[in-house]
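Chain by chain, the residues:
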Amino acid sequence: MKITITSLELKSPFKFFALSRYALAITRQLKNTNCAAYKKQGIWTKHYTMTLWASDSELQDFARSGAHLESMKKSKSIAKEIVTLTIDGSALPTWEEAKTLLETKGKRLTFS
């Protein structure tokens, strides 16, 4: 199984409203997939998600379509930084483990 962990740091607290709009559409899309598990957490300008997928192809189909794809195209306008990591595993890690993995192994995209 595949686990994707993502963190997003907003450019400012005012970007939370746009993030919420995107997140609602992505959550709706996610509910129509075979995603095995999903968790989200966030406060102020730092937000995290974790998803668990049966296969890499299911993960890629979700990431490259619908609301998720559209939101990724617009992410530069709201995010200062996005960090992602995809790993193998059978269950979602704890938030503490996930954040450590992102810090040490995550792929960083930084926007100005």
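Everything that follows concerns the structure shown earlier in this document.
A. A look at helix 3 (residues 66-78). Spanning 13 residues, helix 3 covers 19 Å between terminal C-alpha atoms, matching the ideal 18 Å at 1.5 Å per step. The axis of helix 3 is deflected most strongly, by about 40 degrees, at Met 72. When we look at burial in helix 3, the residues that qualify are His 68, Ser 71, Ser 75 and Ile 78.

B. Inspection of the sheet that holds strand 2 (residues 37-43) at higher detail. Here we have 5 strands laid out as an open sheet, ordered 2-3-1-4-5, and antiparallel in their pairing. Of all the strands in the sheet, the pair left with one neighbour each is strand 2 and strand 5 (107-110). Each adjacent strand pair in this sheet contributes to an overall mean axis angle of 10 degrees, direction not counted. Here 8 bridges tie strand 1 (residues 2-10) to strand 3 (residues 46-53), and the two strands are oriented antiparallel to one another. The residue of strand 3 that forms the bridge with Thr 6 is Thr 49. Those strands touched by helix 1 (residues 16-31) are strand 1, strand 2 and strand 3, and its axis lies near 10 degrees from that of strand 3. Across the sheet, helix 3 lies against strand 1 and strand 4 (79-88), angled at about 140 degrees from strand 4, the strand it touches most.

Thresholds, definitions, all that
- Residues numbered from 1 in each chain as written.
- Predicted model: local features only at pLDDT ≥ 70, side-chain atom pairs only at ≥ 80, totals over all residues.
- Heavy atoms only, no water.
- Helix = DSSP H or I, 4+ residues; strand = E, 2+ residues; numbered from the N terminus.
- Expected span 1.5 Å × (residues − 1).
- Bend = angle between axes of the 7 residues up to and from the residue.
- Buried < 20%, exposed > 50% of the residue type's maximum accessible area, 1.4 Å probe, protein only.
- Pairing = 2+ DSSP bridges.
- Axes fitted to C-alpha atoms, helices over the stretch in contact; angles between N-to-C directions.
- Contact = heavy atoms within 4.5 Å.

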